Structure formats: structure tokens, C-alpha cells
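Topology and contacts: notes
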Amino acid sequence: QVKLVESGGGLVQPGGSLRLSCAASGSRLSIYHMGWYRQAPGKQRELVAGIRSGGSSNYADSVKGRFTISRDNAKNTVALQMNSLTPEDTAVYYCNAKRVAWGATLEDYWGQGTQVTVSS
């Protein structure tokens, strides 16, 4: 099993930046697709950014150009750099690790989440 622990959340003013980190233990992260999801009050959980085991990444349209996902397999960490934050970015952010094969999800792990609040 994989244990994921997020850190780096907090309160930031609009236009500010935060860097979230996800530390994994229990397995090599290199074999997993990694993602950052968020869930705001009254909203569905959504994928913010993903980075596949091969290194390619994708982003939600709402964060393209502002957020950057990266991974360091040697350190077993995944980061999300968030710039130009707006109140609409306020949510609990979750780290996810997923292993897939033949269209099926074989493993799916979640961290406990970290709160990001963008407010004046």
C-alpha cells in the first residue's frame, strides 16, 4: 500500500502563490500516475493536475498557465506549484496515486488533504 501525506496548504491573498507537496511511502512512486485533486464546498472533486508515470502532465483548463505539477521519483514526492491564486482556487487539495492497466484501476490511494484558502 501507499501512504500519501500532503503539506504546504494555508491562507494566501489573491495573486499569491503556494507550493503543495505530497510525500509517499510504502512503494515506489515511479510506477504510479499521480494527481492533485481539489474539492470546494458544494462542488464536486475535480482533477487539477496530473502527471503520469512516464512524466507527461495535464491540467484543468481553469489552472493552465498558473499551476505546475512535478514529480521527483528519487525522493518519492509530487509537488504542485500554484501561482496567481484566486478565491476560486479555495478548496481542500488531495494527492492521489493510481496504477492502471487495461482500462482498469488496480490501485488508488488518497492523502488526507490540505486546505488552501485564498482570501483578502
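So, here is what we can say about the structure in this document. Since we're looking at a predicted model, the values are computed, not measured.

1. Things to note about the side chain of Thr114
- Among the secondary structure elements, Thr114 is positioned in strand S11 (residues 114-118).
- Engagement of the side chain of Thr114 in a polar contact is seen with the backbone nitrogen of Gly9, the distance being 3.3 Å.
- Discounting residues that sit within four places of it in the chain, Thr114 has contacts with Glu6, Ser7, Gly8, Gly9, Leu20, Ala91, Val92 and Tyr93.

2. Brief notes about the sheet that holds strand S8 (residues 77-82)
- Ordered in space as S1-S3-S8-S7, the four strands form an open sheet in which the pairing is antiparallel. Across the chains shown, the open sheet's two edge strands, defined by having one partner strand only, are strand S1 (3-7) and strand S7 (67-72). Neighbouring strand axes in the sheet, compared pairwise and without regard to direction, differ in orientation by 15 degrees on average.
- Direction of pairing for S1 relative to strand S3 (residues 18-25): antiparallel, over a ladder of five bridges.

3. Observations regarding the pairing of S8
- Taken together, the six bridges between S3 and S8 define a ladder with antiparallel strand orientation. The residue of S8 that forms the bridge with Leu18 is Met82.
- In this structure, S7 lies alongside S8, joined through six bridges in antiparallel fashion. Bridge pairing in S8 links Ile69 to Leu80.
- Where S7 folds back on S8, the antiparallel hairpin that results is connected by four residues, among which Asn76 adopts a positive phi of roughly 60 degrees.

4. Quick look at the state of the cysteines
- All told, the structure shown has one disulfide when counted by the stated rule.
- The disulfide partner of Cys22 is Cys95, and the S-S distance across this bridge is 2.1 Å. An S-S torsion of about -80 degrees defines the bridge between Cys22 and Cys95 as left-handed. Taken together, the positions of Cys22 in strand S3 and Cys95 in strand S9 (residues 91-101) put the pair 73 residues apart, joining distant regions of the chain.
- Assessed through its relative accessible area of 0%, Cys22 is described here as buried.

5. Some words on the packing of aromatic side chains
- Summed over the entire model, instances satisfying the criterion amount to three aromatic pairs.
- Residues Tyr32 and Tyr109 carry aromatic rings whose centres are separated by 6.3 Å and whose planes lie at 75 degrees to one another, so their mutual orientation is edge-to-face. On the criterion of sequence distance, the pair formed by Tyr32 in the loop between S3 and strand S4 (33-39) and Tyr109 in strand S10 (residues 104-110) is long-range, its members being 77 residues apart.
- Put simply, the rings of Tyr37, Tyr94 and Trp110 pair up and form one aromatic cluster.
- For the cation-ring pair, Arg45 lies above Tyr94, with the distance from its terminal atom to the ring centre recorded as 3.9 Å.

6. A closer look at the pattern of salt bridges
- What the rule picks out here adds up to five salt bridges.
- Measuring nitrogen to oxygen at the nearest pair gives 2.8 Å for the salt bridge that ties Asp89 to Arg66. Here the residue Asp89 occupies a position in the loop between S8 and S9, and Arg66 occupies one in the loop between strand S6 (57-59) and S7, the gap between them amounting to 23 residues. The pair formed by Asp89 and Arg66 is uniform in burial state, with each residue classed as buried.
- Taken together, the salt bridges that share partners define one network made up of Arg38, Glu46, Arg66 and Asp89.

The rules we used
- Residues numbered from 1 in each chain as written.
- Predicted model: local features only at pLDDT ≥ 70, side-chain atom pairs only at ≥ 80, totals over all residues.
- Heavy atoms only, no water.
- Helix = DSSP H or I, 4+ residues; strand = E, 2+ residues; numbered from the N terminus.
- Polar contact = N/O pair within 3.5 Å; in protein donor to acceptor, adjacent residues only side chain to side chain.
- Contact = heavy atoms within 4.5 Å.
- Pairing = 2+ DSSP bridges.
- Axes fitted to C-alpha atoms, helices over the stretch in contact; angles between N-to-C directions.
- Disulfide = S-S within 2.5 Å.
- Buried < 20%, exposed > 50% of the residue type's maximum accessible area, 1.4 Å probe, protein only.
- Phe/Tyr/Trp six-rings, centres within 6.5 Å; stacked < 30°, edge-to-face > 60°.
- Lys NZ or Arg CZ within 6 Å of the ring centre and 35° of its normal.
- Salt bridge = Lys/Arg side-chain N within 4 Å of Asp/Glu carboxyl O.

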